[in-house]
Amino acid sequence: MDRNNTFKLGDAIGAFLKGHHLEERFFEAILKADWRELMGDKVADKTNDISLEKGCLILYMSSAPLRQQLRLKQSRMIDYLNQKIGRGREPIRKVLIR
């Protein structure tokens, strides 16, 4: 194999996901699978659903006080989640909490 045509596996998978418009679904799946580990038991227990649409993380919460706390910490949450799951990208640009 010619060395000029080599790719890192992660780069090849990333290119495939992006080329097939699956990158956002990939990040959404990571968020759903790791939500308890990322945000802790308190937040995970009160989260009804998570979706990622066009860079907007949509959280459906069952607790109004927790919803308000998360709204106040949105920018920190975006930075934290992008750092943890982003793999050098910023899949989350804003958060909508319902």
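Check the entry above for the structure.
Everything numeric here is computed off the predicted structure, so don't read it as measured data. (Residues numbered from 1 in each chain as written. Predicted model: local features only at pLDDT ≥ 70, side-chain atom pairs only at ≥ 80, totals over all residues. Heavy atoms only, no water.)

A.B. asks: What is the right way to look at the sheet that holds strand 3 (residues 94-97) in this model?
C.D. replies: Two modes of strand pairing occur in sheets, parallel and antiparallel, and in both the strands are linked by backbone hydrogen bonds. Read from one edge of the open sheet, three strands run 1-2-3, paired in mixed fashion. Here the strands that pair on one side only, and so sit at the sheet edges, are strand 1 (47-53) and strand 3. Averaged over all pairs of adjacent strands, the angle between strand axes in this sheet comes to 15°, irrespective of strand direction. Note: strand 2 (residues 56-61) against strand 3, four bridges, orientation parallel. Bridge assignment links L59 to a residue of strand 3, and that residue is I97. (Pairing = 2+ DSSP bridges. Helix = DSSP H or I, 4+ residues; strand = E, 2+ residues; numbered from the N terminus. Axes fitted to C-alpha atoms, helices over the stretch in contact; angles between N-to-C directions.)

A.B. asks: Looking at this structure, how should I read unusual backbone geometry?
C.D. replies: Glycine aside, negative phi is the norm for most residues, and most peptide bonds take the trans geometry. The backbone phi angle of K54 is positive, close to 50°, even though this residue is not glycine. Within the secondary structure, K54 sits in the loop between strand 1 and strand 2. The class of K54 is exposed, set by a relative accessible area of 74%. Look at R87: it is not a glycine, yet its phi comes out positive at around 50°. Structurally, the position occupied by R87 is in the loop between helix 5 (74-85) and strand 3. According to the relative accessible area criterion, R87 is exposed, its value standing at 55%. (Buried < 20%, exposed > 50% of the residue type's maximum accessible area, 1.4 Å probe, protein only.)

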